[in-house]
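Observations on the model geometry
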Amino acid sequence: MECKENVIHYLSWGFIISGVAYLFQQTRTQTPYGRYVTSDGTPGRTCPAKLAWFLQELPSFLVPMLLLLSTDTQPSLGKDLLLWTFCLHYFQRTFIYSLLTKGRPSPLYIVFSAVVFCSVNGFLQGHYMLHCATYDDAWRTDIRLYTGLLIFFLGMAINIHSDHILLNLRKPGEVVYKIPKGGMFEYVSGANFFGEIMEWCGYALATWSLPTFSFALFTMCSIGPRAYHHHRYYQEKFEDYPQSRKAVIPFIL
């Protein structure tokens, strides 16, 4: 398959523009998900948390894998990076995390929006890394590649460990929210979000391209405000909430 350069270009800039727009939107209104979903204030029906996570994350894994299996691609660094970063992350989110989550039901329109985004992004990342990205032999020893991969896998570890802490906060049957403790939660309220932001910043650095940068930026604009909302929620709900904790970036923000 030939590289669709124009499609990649427009999709990448679309992610950048829509990410910034979504950031500003979240400063005015709060997206109804998780603890912020109310039965009387959320339009439409909802989907069980486990099913919602599976459905909305699946396209990010499935689309690149279908592209990989349906095209005759030679061994390449771009292919390896796609499989062991992007696809690895979404395999964990789709087939492992979705079975473990204990979250509240998600509005169907949120799930549908996520499915659309993940489908488009799965194509953008998969098509670019398989059919457009070219890396010469020098890139295999470039500091950006190894630094980016280090950041990615460190972020993935933080993300998974933080999710583990959140999943074990409450005993079976409990519905109350508690202060998360341990790991990166000692430094930020949104430790799981911080880990995911690290992942995609590392991915963008290791691959050094507009499509991967646009996805990293969209991620920051999308889940960064969520970390701030969680931070504000904890501060308002718990009088003993640690004052030294930041929202999403340790010691800074």
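Everything discussed here concerns the structure shown above.
In short, a report on the structure. Since the model is a prediction, treat every value here as computed from it, not as a measurement.

1. Looking at the overall build of the protein chain
- Looking only at helices and strands, one finds seven helices and two strands in the protein chain.
- Each helix and strand of the protein chain, ordered N terminal to C terminal, gives the series α-β-α-α-β-α-α-α-α.
- The 253 residues of the protein chain split such that 48% are buried.
- Taking as baseline every contact in the protein chain between residues at least 6 positions apart, the subset at least 24 positions apart corresponds to 84%.
- In the structure as shown, the protein chain presents an accessible area of about 13300 Å², 64% of it carried by carbon and sulfur atoms.

2. Thoughts on the packing of aromatic side chains
- Under the criterion given, the structure shown has 24 aromatic pairs.
- Pairing Tyr-90 with Trp-200 gives two aromatic rings, centres 5.9 Å apart and planes at 15 degrees, and the pair type is stacked. With Tyr-90 in helix 3 (residues 77–100) and Trp-200 in helix 6 (residues 191–207), this pair connects stretches of sequence that are 110 residues apart. Considered together, Tyr-90 and Trp-200 belong to a single accessibility category, that of buried residues.
- Arranged with centres 5.1 Å apart and planes meeting at 85 degrees, the rings of Phe-152 and Phe-153 form a pair that is edge-to-face.
- Residue class for Phe-153 comes out partly exposed when judged on its relative accessible area of 38%.
- One aromatic cluster in this structure is built from Phe-15, Tyr-22, Phe-86, Tyr-90, Phe-117, Phe-152, Phe-153, Trp-200, Tyr-203, Phe-215 and Phe-218.
- Over the aromatic face of Trp-208 sits the side chain of Arg-144, whose NZ or CZ is 4.7 Å from the ring centroid.

3. Regarding helix 5 (residues 143–167)
- Helix length check: helix 5, at 25 residues, gives a terminal C-alpha distance of 36 Å against a target of 36 Å (1.5 Å per residue), a fit within 8%.
- For helix 5, the set of buried residues is Leu-145, Gly-148, Phe-152, Gly-155, Met-156, Ile-158, Asn-159, Ser-162, Asp-163, Ile-165 and Leu-167.
- Looking at the packing, one finds that the buried side of helix 5 touches helix 3 and helix 6.
- N-cap assignment for helix 5: the residue whose side-chain oxygen lies 2.8 Å from the backbone N of Arg-144 is Asp-142.

4. Some thoughts on the environment of Ser-98
- Summarising the element assignment, Ser-98 is placed in helix 3.
- Classification of Ser-98 as buried rests on a relative accessible area of 2%.
- With 48 residues separating them along the chain, Ser-98 and Lys-50 place their C-alpha atoms 5.0 Å apart.
- Residue contacts for Ser-98: discarding those within four places in its chain leaves Lys-50, Trp-53, Phe-54 and Arg-93.

5. A look at the state of the cysteines
- All chains considered together, the criterion is met by one disulfide.
- At a sulfur-sulfur separation of 2.0 Å, the disulfide partner of Cys-3 is Cys-132. Looking along the S-S bond of the Cys-3-Cys-132 disulfide, the torsion reads about 100 degrees, which is the right-handed sense. Of this pair, Cys-3 sits in the segment before helix 1 (5–28) while Cys-132 sits in helix 4 (residues 108–132), placing them 129 residues apart in sequence.

6. Notes on the pattern of salt bridges
- Scanning the model with the defined rule gives two salt bridges in all.
- With its nearest N and O atoms 2.6 Å apart, the salt bridge here joins Arg-93 to Asp-163. On the criterion of sequence distance, the pair formed by Arg-93 in helix 3 and Asp-163 in helix 5 is long-range, its members being 70 residues apart.
- For Asp-163, a relative accessible area of 4% translates into the label buried.

7. Quick notes on unusual backbone geometry
- Not every positive phi belongs to a glycine, and Trp-208 is a case in point at roughly 50 degrees.
- Position of Trp-208 relative to the elements: it lies in the loop between helix 6 and helix 7 (210–237).

Reading the values: rules and limits
- Residues numbered from 1 in each chain as written.
- Predicted model: local features only at pLDDT ≥ 70, side-chain atom pairs only at ≥ 80, totals over all residues.
- Heavy atoms only, no water.
- Helix = DSSP H or I, 4+ residues; strand = E, 2+ residues; numbered from the N terminus.
- Buried < 20%, exposed > 50% of the residue type's maximum accessible area, 1.4 Å probe, protein only.
- Contact = heavy atoms within 4.5 Å.
- Areas by Shrake-Rupley, 256 points an atom, 1.4 Å probe, with all protein chains shown as cover.
- Phe/Tyr/Trp six-rings, centres within 6.5 Å; stacked < 30°, edge-to-face > 60°.
- Lys NZ or Arg CZ within 6 Å of the ring centre and 35° of its normal.
- Expected span 1.5 Å × (residues − 1).
- Polar contact = N/O pair within 3.5 Å; in protein donor to acceptor, adjacent residues only side chain to side chain.
- Disulfide = S-S within 2.5 Å.
- Salt bridge = Lys/Arg side-chain N within 4 Å of Asp/Glu carboxyl O.

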